[in-house]
Amino acid sequence: MLFRSDAVTDRAWLDDPTSSMSARDALSSQWVPYKGVLARGYIRGTTWVRLRIDPAVVKITADTADQRLALLVEPQHLGEVAAFLVDRPDYPLMVVGDTVLPMPGQPQLLGHFVSLPKTVEPFEVLLRLRSESTHIVKAEALLWDDLRDFDAQKLSALIAFLVFTALIAFVAALFWLNGRDPVLLFFIAHQVSAMLTASAQLGLIRLWAVPWLLSPAAVDWIAAAMIPLHALLLALFHIKLLRELGANYPERRWLWLLLIPGVLALLLMVTGFRQLALQITIGMMPLSMPLLMGVALRCRPEVGGEAVADSRWRRTILIGAYAGMMAMTIPQALQVLGLMSFASMNFGWFLVYSVVSTLLMGGLLCYRFIQTEKRRREMALSLRRDRKSTRLNSSH
């Protein structure tokens, strides 16, 4: 559901750098108002959020089956979020998050939510956020029906993305079997990684695996580790692609620098420095995209008789693809890092980015494959003609 009636009327936040404040301590402190999405980046302390909720704001119709409210807390990869009622600050109303077991009797949804008391009077809720991931929070007080519909739409979009990506990977595998193009192997690995990353980041693995297969902490670690792993596989794909498409020197050597952040981040993840690993991975995104664009601008045509028109067309596709990816990536990365703040944020942007980049890069690889096969057939036909001509000459 694109348009949801949100009962939150006022928002404010508070920094607790030592993570020592109680809810009562937080209430007596100075709060900072904000609107929309709170983006603080990667911090070591605790973030408190204060919300004023007015049930009268929500539009209730005759078709509304459940008139209760629930607080939706996004994104899905938050570690622990404890909710307190301001008039009862000594006991948390509910604790949710990636590191917390689902509460028995509650609906199993992709996102984190807090059941709110049924009342017609305005009231206030405190949220205490502790997470090794980025401290970025969007909180909406929705009707239960709206929350379920919104979660079902997110699940449908995620499943559609997984089916689409699996289909693209399957087609790429067929192309690889036909031509043995090494770039396609990196492309396939990138697609598989995107599927796993999306499933982990958007809560699908947590929904299906906790608590039957894995603990919440294990799923949370896997979701975090997929980010630098995906970035590393993505860097390998772009390095191989640009080298195959004619990257010049010394840019061919510079491309290998893209692997350093991914390898370093994975080592930090394994050794327990998760937050620093994620910060390095996300921080490299605004830096790596201009480097890829610069290398693409200076790519020279492949040798082997490729037509100049084909070379220019392929180079145009490549530059356009990197320009689009850069425009989609940099603002999101800056917001995750806490360097920019917007009134809203699409937490499903990874799905959109992956689909767009897959279509652009997949189209480029398909065009390259078609042109390569065309040249191969032309060379085979020319070789057969030469052999036939040689046999005719020798017979005379």
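Described below are features of the structure shown in this document. (Residues numbered from 1 in each chain as written. Predicted model: local features only at pLDDT ≥ 70, side-chain atom pairs only at ≥ 80, totals over all residues. Heavy atoms only, no water.)

What follows covers the overall build of the protein. The helix and strand inventory of the protein stands at ten helices and ten strands. Residue burial in the protein is summarised as follows: out of 396 residues, 50% are buried. Accessible surface for the protein amounts to roughly 19,400 Å². Of this, 64% is attributable to carbon and sulfur atoms. The protein carries 39 positive and 31 negative side-chain charges, and their two centres are separated by 14 Å. (Helix = DSSP H or I, 4+ residues; strand = E, 2+ residues; numbered from the N terminus. Buried < 20%, exposed > 50% of the residue type's maximum accessible area, 1.4 Å probe, protein only. Areas by Shrake-Rupley, 256 points an atom, 1.4 Å probe, with all protein chains shown as cover. Lys, Arg positive; Asp, Glu negative; His and termini not counted. Charge placed at Lys NZ, Arg CZ, Asp CG, Glu CD.)

Here we come to the pairing of strand β6 (residues 80–85). Counting buried positions along β6 gives five out of six residues, so the element sits mostly inside the fold. As judged from the six bridges shared by β6 and strand β9 (residues 123–130), these two strands associate in the antiparallel manner. Its bridge partner being in β9, L85 is matched across the sheet by V125. Strand direction decides the pairing type here: β6 and strand β7 (residues 94–96), joined by three bridges, are antiparallel. Bridge assignment links A83 to a residue of β7, and that residue is M94. (Pairing = 2+ DSSP bridges.)

For the rest of this paragraph, the subject is the pattern of salt bridges. Summed over the entire model, instances satisfying the criterion amount to ten salt bridges. The residue K154 makes a salt bridge to E74 at a minimum N-O spacing of 3.6 Å. Taken together, the residues span a long stretch of sequence, with K154 in helix α2 (residues 144–179) and E74 in strand β5 (residues 69–74) at a distance of 80 residues. (Salt bridge = Lys/Arg side-chain N within 4 Å of Asp/Glu carboxyl O.)

The strand order across the open sheet built from four strands is β3-β10-β5-β8, with neighbouring strands paired in antiparallel fashion. Every other strand in the sheet has two partners, leaving β3 (38–39) and β8 (112–115) as the edge strands with one partner each. When β5 meets strand β10 (residues 136–143), the two strands line up antiparallel, connected through six bridges. Among the inter-strand pairings, E74 is bridged to a residue of β10, identified as K138.

Here we take up the sheet that holds β7. Spatial strand order, β2-β1-β4-β9-β6-β7: six strands in an open sheet with antiparallel pairing. Each of the sheet's edge strands pairs with one partner strand only, and the pair in question is β2 (32–33) and β7.

Another point: α2. Spanning 36 residues, α2 covers 52 Å between terminal C-alpha atoms, matching the ideal 52 Å at 1.5 Å per step. One or two steps after α2, the chain reaches R180, where phi turns positive at roughly 55 degrees. (Expected span 1.5 Å × (residues − 1).)

This next bit is on empty space enclosed by the protein. With the rule as written, the count across this model stands at three cavities of 30 Å³ or more. Roughly 760 Å³ of volume is contained in the largest cavity. Looking at the largest cavity, it is lined by 35 residues, and the ones nearest its centre are I227, I282, M285, W349 and F350. Those elements giving two or more residues to the lining of the largest cavity turn out to be α3 (182–201), α5 (216–244), α7 (259–270), α8 (274–297), α9 (308–336) and α10 (349–395). In the lining of the largest cavity, the residues fall into 23 nonpolar, twelve polar and no charged. (1 Å grid on protein atoms, 1.4 Å probe; cavity = no way out; pocket = protein on both sides within 12 Å on 5 of 7 lines; lining within 4 Å. Points joined across faces, edges and corners; volume = space filled by probe spheres on them. Nonpolar A, V, L, I, M, F, W, Y, C, P; charged D, E, K, R; others polar.)

What follows concerns the packing of α5 against α8. Two numbers describe how α5 lies on α8: the axes approach to 11 Å, and their chain directions differ by 20 degrees. Here α5 is positioned roughly parallel relative to α8, judged by the angle of their axes. Of the two elements, α5 crosses α8, and the hand of that crossing is left-handed. Contacts between α5 and α8 involve D220, W221, A224, I227, P228, A231, H238 and L242 from the former and R274, L278, T281, I282, L292, V295 and A296 from the latter. (Axes fitted to C-alpha atoms, helices over the stretch in contact; angles between N-to-C directions. Parallel < 35°, antiparallel > 145°, perpendicular 65-115°, else oblique. Left-handed = near helix turned anticlockwise from the far one by under 90°. Contact = heavy atoms within 4.5 Å.)

A word on the pairing of β10. For β10, a buried count of eight out of eight residues is recorded, marking the element as mostly surrounded by other parts of the structure. As judged from the two bridges shared by β3 and β10, these two strands associate in the antiparallel manner. Following the sheet pairing, L38 is matched in β10 by V137.

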